[in-house]
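Take a look at the letters that make up each chain.
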Amino acid sequence: MSLSNSLILFSQSATAHSSSACSCQLAVSFSNFPVSSRDYSFSRNESVLLHGGGSNLCRRFCGLKLWILKSLNLREGRHRKHQPLNELITRSEHTFLSDERGFAEETRAADLRPEEKILGSDLSDGSHKVGDLLPPVSKQFVDGLSDVQRGASLCIAVVGATGELARGKIFPALFALYYSGYLPEDVGIFGFSRKNLTDEDLRSIIASNLTCRVDHQENCGDKMDAFLRRTYYIDGGYNNRDGMSRLDERMKQIEGGSKANRIFYLSVPHEALMDVACTIADKAQAPRGWTRIIVEKPFGFNSRSSYQLTTSLLSNFEERQIYRIDHMLGRNRIENLTVLRFSNLVFEPLWNRTYIRNVQVIVSESIAQTKKYSDEYGIIRDIVHSHILQTIALLAMEPPISLDGEDIRNEKVKVLRSIRKLDPGDVVLGQYKSSSGNKNGVTLNGVDPTYCAAALYIDNARWDGVPFLIRVGTGLIKHRVEIRVQFRHVPGNLYRENIGINIDLGTNEIILRDEPDEAILVKINNKVPGLGLQLDASELNLLYKDRYSTEVPDSYEHLIHDVIDGDNHLFMRSDEVAAAWNILSPVLEEIDKHHTAPELYVFGGRGPVGAYYLWAKHGVPWADD
């Protein structure tokens, strides 16, 4: 008799005896489950009846099912850098029986008699004799578990879900991760705000901003529908504690009692941040898995307010749970800083005061880009405190002992603590003024600077005496985001006369450009073809759009993936935040105390004239095209 399609049937006497001990209701192919001959016999109609050990079998079956689900859930959540979750699930399905101890504990297989141990029988003939042992659990059995409803293994809540940032950046980044397989299929996405909306309302709001990758559009519509079905809305009302309690209950419903992890993205105004974080800690942390919160900049307005915010966060969360996000640090150029230095022998030996003349960090926003940034916090608090100083820290740090996030942060904070406090005399502040015919629609009469140029010095053995010049501004003539490392002149250069009058034009440079076109450029001197000896400064150009055909992920997508993965090296730690404020405090105090008026510059121009006097003071020419 072929048993390949038979089902385990329970007689009335068998089920009556074992019903209290077995609550698992699942039909299973008999040939896919291990069982010894003492647990079954054949009836006249060739059905299989369980008796004697039937209740033990049922217990073992239930235990096996629970163990498999737990094993898959644990393996899905393991730390796998840049690996889609669906690959992890497939791998788990083929290796779940490798943990024999866990299998024995859940299924009570250790209680089987020696002759009942599971054997790998040959199924080529498609039949078994009564008394034979059946084969091990097959992959078809595991595939059958897909019909068993499982709770979400990861829940992500966006607090402030109806804001511009959430609609335009956060939800699209989450969908991009889901579409590419970097979020689990059972993920739960939650929107939380004070507006009276439904699940369908939120789905309609965010659907228009969701797009699939240009380089692969397979099943785009299906994936988008699946993502929206996994998106839910919670009306927080005006009492954060009650609202968070409702969010917690909804999350528990979606999680279904599984060991789920939770991420809270706090896209809220700065003044509401501490209250929201406190209520999350009290009411909505994951009961069994880990909880992480993402905090948007600015991280305070000065040293004092930042200290209060940090103290509040650390009173409710551990440092490893807090991810302070700056979207500009999620750009590919930032990751390339450490790759360029530590994986290329040609650069690392030159990365010091002996060979490098100066370093320039430039974030120049044109008229078209000006509205991207808010004047509410000023250019110093909004960009210089986090993005600029973090860029310098990554560029100037010593080699970490590993690529672990904490090891990299340890080296970054050493650099920040070594940076000399910013002298107000080494800072030029500017503010754009309106010009006739300006119709850009941005605020032109604010009191905070829209331009900042400064010279920083790192007092350590590697960088002593090397100026790090920063230039950050909005409403300028050209849109450019780049880092320029200028090298010293060649001592006793034999070709000095062939370079021309301005020897600075022949300076070697490494340029890491983010915008307008992402590229790595190396500026060198070479001979112009032809008779005579004339030198020309040329650029060895690695233009990303020509070299790589893949679409570069958005910075929010990159950083949220790092949060899920537990990689925190691009997020500021509390001591880094404090060290950065310590650098900028003298300038901020000077502005507040003396009401320093920024130098005006034409909207759409090159910036304040004072910036050119600044580089002359430090003997460094700005790298203007």
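Residues numbered from 1 in each chain as written. Predicted model: local features only at pLDDT ≥ 70, side-chain atom pairs only at ≥ 80, totals over all residues. Heavy atoms only, no water.

1. Looking at the overall build of the protein chain
Reasoning step 1: Along its length, the protein chain carries 19 helices and 18 strands.
Reasoning step 2: Counting across all 625 residues of the protein chain, residues that qualify as buried make up 52%.
Reasoning step 3: Of the contacts formed within the protein chain by residues at least 6 apart in sequence, a portion of 74% connects residues at least 24 apart.
Reasoning step 4: Per element, the accessible surface of the protein chain, about 29,700 Å² overall, is 51% carbon and sulfur. (Helix = DSSP H or I, 4+ residues; strand = E, 2+ residues; numbered from the N terminus. Buried < 20%, exposed > 50% of the residue type's maximum accessible area, 1.4 Å probe, protein only. Contact = heavy atoms within 4.5 Å. Areas by Shrake-Rupley, 256 points an atom, 1.4 Å probe, with all protein chains shown as cover.)

2. Points about the pattern of salt bridges
Reasoning step 1: For the coordinates displayed, the defined rule picks out 31 salt bridges.
Reasoning step 2: In this structure, Glu398 and Arg462 form a salt bridge, with 2.7 Å as the shortest nitrogen-oxygen distance. With Glu398 in the loop between helix H13 (378-396) and helix H14 (405-418) and Arg462 in the loop between strand S12 (451-457) and strand S13 (467-476), the pair connects residues that are 64 residues apart, well separated along the chain. (Salt bridge = Lys/Arg side-chain N within 4 Å of Asp/Glu carboxyl O.)

3. Remarks on the sheet that holds strand S7 (residues 261-266)
Reasoning step 1: Read from one edge of the open sheet, six strands run S6-S5-S4-S7-S8-S9, paired in parallel fashion. Each having just a single partner strand, strand S6 (231-235) and strand S9 (322-325) make up the two edges of the open sheet. The sheet shows a mean angle of 20 degrees between the axes of neighbouring strands, direction not considered.
Reasoning step 2: Relative to strand S5 (residues 188-193), strand S4 (residues 154-159) runs parallel, the two being bridged by five bridges. Within S5, the position partnered with Ala157 by the bridge is Phe190.
Reasoning step 3: Helix H6 (residues 164-179) rests against S4, S5, S7 and strand S8 (291-296) of the sheet, and its axis sits at about 170 degrees to S4.
Reasoning step 4: Contacts between helix H9 (residues 240-255) and the sheet are confined to S4, S5, S6 and S7, with S6 contributing the most and set at about 155 degrees to the helix. (Pairing = 2+ DSSP bridges. Axes fitted to C-alpha atoms, helices over the stretch in contact; angles between N-to-C directions.)

4. Points about helix H7 (residues 199-207)
Reasoning step 1: Within H7, burial applies to Asp199, Leu202, Arg203 and Ile206. When H7 is viewed along its axis, its buried side chains cluster within an angular range of 100 degrees and face the same direction. (Arc of directions from axis to C-beta.)

5. Remarks on the environment of Pro598
Reasoning step 1: You can see Pro598 is positioned in the loop between helix H18 (574-594) and strand S18 (599-602).
Reasoning step 2: With 150 residues separating them along the chain, Pro598 and Asp448 place their C-alpha atoms 8.1 Å apart.

6. Overview of a nonpolar patch on the surface
Reasoning step 1: There is a patch of nonpolar side chains on the surface, built from Leu494, Tyr495 and Leu533 and spanning about 340 Å² of accessible area.
Reasoning step 2: Residue class for Leu494 comes out exposed when judged on its relative accessible area of 77%. (Patch = residues over 30% accessible without salt bridge, like charges linked within 9 Å, V, L, I, M, F, W, Y side chains within 5 Å.)

7. Description of helix H8 (residues 220-229)
Reasoning step 1: Those residues of H8 that sit buried are Cys220, Met224, Ala226, Phe227 and Leu228.
Reasoning step 2: Contacts made by the buried residues of H8 are with H6, S5, H7 and S6.

8. Section: the confidence of the model for the protein chain
Reasoning step 1: The predicted model of the protein chain averages 76 in pLDDT, with 69% of residues at 70 or higher.
Reasoning step 2: Confidence drops under a pLDDT of 50 for residues 74-82, and excluding neighbours within four residues, the segment shows 21 contacts in the predicted structure. (pLDDT = per-residue confidence, 0-100.)

9. Observations regarding the nonpolar core
Reasoning step 1: Judged by nonpolar contacts, the single largest core of 120 residues is most densely connected at Ile380 and Phe468.
Reasoning step 2: Mapped onto the domain boundaries, this core takes at least three residues apiece from domain 1 (153-296) and domain 2 (329-552 + 575-618).
Reasoning step 3: Ignoring anything within four residues of it in the chain, the contact list for Ile380 reads His385, Leu429, Cys452, Leu584, Val587, Leu588 and Ile591.
Reasoning step 4: Counting residues in hydrophobic clusters, the runner-up holds nine residues, among them Val428, Tyr451, Ala453 and Tyr601. (Core = buried A, V, L, I, M, F, W, Y, C linked by side-chain atoms within 4.5 Å. Domains from an automatic or database assignment.)

10. Here we look at the sheet that holds strand S15 (residues 509-515)
Reasoning step 1: Taken in spatial order, the nine strands of this open sheet run S17-S16-S15-S14-S10-S13-S12-S11-S18, and their pairing is mixed. Of all strands in the sheet, those with a lone pairing partner are strand S17 (535-543) and S18, marking the two edges. On average, adjacent strands in this sheet sit at an angle of 20 degrees to one another, irrespective of strand direction.
Reasoning step 2: Judged from the six bridges that link them, strand S14 (residues 480-487) and S15 form a sheet pairing that is antiparallel. Residue Arg484 lies in a different strand from S15, and its bridge partner there is Ile511.
Reasoning step 3: Against the sheet, helix H12 (residues 332-342) makes contact with S14, S15 and strand S16 (519-527), and its axis sits at roughly 155 degrees relative to S15, the strand it touches most.

11. Description of unusual backbone geometry
Reasoning step 1: The step from Lys297 to Pro298 runs through a cis peptide bond, and the omega angle for that step is 0 degrees.
Reasoning step 2: Looking along the chain, the bond that leaves Glu515 and enters Pro516 is cis, with omega of 10 degrees.
Reasoning step 3: Within the element layout of this structure, Pro516 appears in the loop between S15 and S16.

12. Some thoughts on the packing of helix H10 (residues 273-283) against helix H11 (residues 303-316)
Reasoning step 1: Two elements in contact, H10 and H11, have axes separated by 9 Å at closest approach and are oriented at 10 degrees. The pairing of H10 with H11 is recorded here as roughly parallel in orientation. Across the interface between the two elements, Leu273, Met274, Ala277, Cys278, Ala281 and Asp282 from H10 touch Gln308, Leu309, Ser312, Leu313 and Asn316 from H11.
Reasoning step 2: Residue composition of the contact of H10 with H11, grouped by class: seven nonpolar, three polar and one charged. (Parallel < 35°, antiparallel > 145°, perpendicular 65-115°, else oblique. Nonpolar A, V, L, I, M, F, W, Y, C, P; charged D, E, K, R; others polar.)

13. Concerning the packing of H12 against H13
Between two packed helices, what matters for the description is the angle formed by their axes and the separation of those axes.
Reasoning step 1: Look at H12 against H13: their axes get within 9 Å of each other, and the N-to-C directions meet at 15 degrees. What the angle tells us is that H12 and H13 run roughly parallel. The chirality of how H12 crosses H13 is right-handed. Contact residues: H12 offers Arg333, Ile334, Leu337, Thr338 and Arg341, while H13 offers His387, Thr391, Leu394, Leu395 and Ala396. (Left-handed = near helix turned anticlockwise from the far one by under 90°.)

14. Here we look at the packing of aromatic side chains
Reasoning step 1: In the structure shown here, the tally under the stated rule is nine aromatic pairs.
Reasoning step 2: Seen in terms of ring centroids, Tyr432 and Phe603 are 4.8 Å apart; in terms of plane orientation they differ by 70 degrees. Their pairing is edge-to-face. Residue Tyr432 is located in strand S11 (residues 427-433), and its partner Phe603 is located in the loop between S18 and helix H19 (610-617); the two are separated by 171 residues in the primary sequence.
Reasoning step 3: Taking 5.7 Å as the distance between ring centres and 65 degrees as the angle between the ring planes, the aromatic pair formed by Tyr451 and Tyr601 counts as edge-to-face. With Tyr451 in strand S12 and Tyr601 in strand S18, the pair connects residues that are 150 residues apart, well separated along the chain. A single burial state applies to Tyr451 and to Tyr601, both of which are buried.
Reasoning step 4: Of the aromatic side chains, those joined through ring pairs into one cluster are Phe175, Tyr178, Tyr179 and Phe227.
Reasoning step 5: Here the basic side chain of Lys223 rests over the ring of Tyr178, its NZ or CZ set 5.1 Å away from the ring centre.
Reasoning step 6: Looking at Arg292, its charged tip hangs above the ring of Trp290, at a distance of 3.6 Å from the centre. (Phe/Tyr/Trp six-rings, centres within 6.5 Å; stacked < 30°, edge-to-face > 60°. Lys NZ or Arg CZ within 6 Å of the ring centre and 35° of its normal.)

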